[in-house]
Amino acid sequence: KMNFSYVPYLIEIIETPGITQDKLRDMPLLHPSNISRALRFLEKNEYITRVQLDTDKRTRCLYPTEKAKNVATAAEKGMIRWSEIVMAGLSDRKKLAFYETLKTIAANAEEYIRKQMK
């Protein structure tokens, strides 16, 4: 069953069609030991397709299916709705300040995790 743990993989594949599994390993927050398992699930359940490179038979490019794009759209709508709910009553200025703070926190976390994975 599709759950939130597969969403980061799906989003990256949708945003970067043709990305390879090796490139996914270089990304922070996507743990290498989980990548193969997640991709197997996504392929088996028709969220992605893998296309073998002509130049390197061991490398496969990952592409989202329409099913994946539909799931991503639904997830995005859910996140927007949730943001509206939790930020109800905040001024636009406070919302912007929150998003800016959150971006800084996320960047700090990403940098930390990237250093830890080396």
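These notes cover the structure that comes with them. Here the structure is a predicted model, which is why all the values come from computation and not from measurement. (Residues numbered from 1 in each chain as written. Predicted model: local features only at pLDDT ≥ 70, side-chain atom pairs only at ≥ 80, totals over all residues. Heavy atoms only, no water.)

Side note on the overall build of the protein
Selection criterion: Put simply, DSSP marks the helices as runs of H or I at least four residues long and the strands as runs of E at least two long, and each gets a number from the N terminus on. Radius of gyration here is computed from C-alpha atoms only, and the compact-globule reference equals 2.2 Å multiplied by the residue count raised to the power 0.38. Only protein chains enter the calculation, and the probe is 1.4 Å; a residue is then buried if its accessible area is under 20% of its type maximum, exposed if over 50%, and partly exposed in between.
When its secondary structure is counted, the protein shows 5 helices and 3 strands. Helices and strands appear in the protein in the N-to-C order α-β-α-α-β-β-α-α. Rg of the C-alpha trace for the protein: 17 Å, well past the compact-globule value of 13 Å for 118 residues, more than 25% over. In terms of overall dimensions, the protein has a C-alpha envelope of 55 × 35 × 25 Å along the principal axes. Within the protein, the proportion of its 118 residues that are buried is 23%.

With respect to the packing of aromatic side chains
Spelled out, the test is: Stacked, tilted and edge-to-face are the three classes applied to pairs of Phe, Tyr and Trp rings, where Trp contributes its six-membered ring and a pair requires centres within 6.5 Å; stacked means planes under 30 degrees apart, edge-to-face means over 60, and tilted covers the rest.
On inspection of all chains with the given rule, the structure shows 3 aromatic pairs. On the numbers, 6.5 Å between centres and 20 degrees between planes, the contact of Phe 41 with Tyr 47 is stacked. Of the residues examined, Phe 41 reaches a relative accessible area of 14% and is grouped as buried. Overall, the relative accessible area of 9% leaves Tyr 47 in the buried class.

Describing unusual backbone geometry
The backbone phi angle of Glu 46 is positive, close to 65 degrees, even though this residue is not glycine. Assignment of secondary structure puts Glu 46 in the loop between helix H3 (32–44) and strand S2 (48–52).

Description of the sheet that holds strand S3 (residues 60–64)
Heads up, the condition is: Only when DSSP finds a minimum of two bridges between them are two strands counted as paired. In what follows, a contact means two residues having at least one pair of non-hydrogen atoms within 4.5 Å. Here an axis means a line fitted to C-alpha atoms, over the contact stretch when the element is a helix, while the angle between two N-to-C directions is reported on a 0 to 180 degree scale.
One open sheet accounts for 3 strands, arranged S1-S3-S2; its pairing is antiparallel. The open sheet terminates on both sides in strands that have one partner only, identified here as strand S1 (19–20) and S2. On the sheet, helix H1 (residues 7–15) packs against S1, S2 and S3 and is oriented at approximately 95 degrees with respect to S3.

A few points about the packing of H1 against H3
Any two packed helices are characterised by how steeply their axes cross, that is the angle between the axes, and by the distance between the axes. The cut-off we apply is this: For classification purposes, an angle smaller than 35 degrees is called roughly parallel, one larger than 145 roughly antiparallel, one from 65 to 115 roughly perpendicular, and anything else oblique.
Where H1 meets H3, the closest approach of the two axes is 10 Å, and the angle between their N-to-C directions is 75 degrees. As judged from the angle between their axes, H1 and H3 are roughly perpendicular. Contacts from Tyr 9, Leu 10 and Ile 13 in H1 reach Asn 34, Ile 35, Ala 38, Leu 39 and Leu 42 in H3.

Quick notes on H3
Rule in force here: Helix span is expected to be 1.5 Å times the residue number reduced by one.
Helix length check: H3, at 13 residues, gives a terminal C-alpha distance of 19 Å against a target of 18 Å (1.5 Å per residue), a fit within 8%. On its buried side, H3 packs onto H1, helix H2 (21–25), S2 and S3. Two residues or fewer after H3 comes Glu 46, characterised by a positive phi angle close to 65 degrees.

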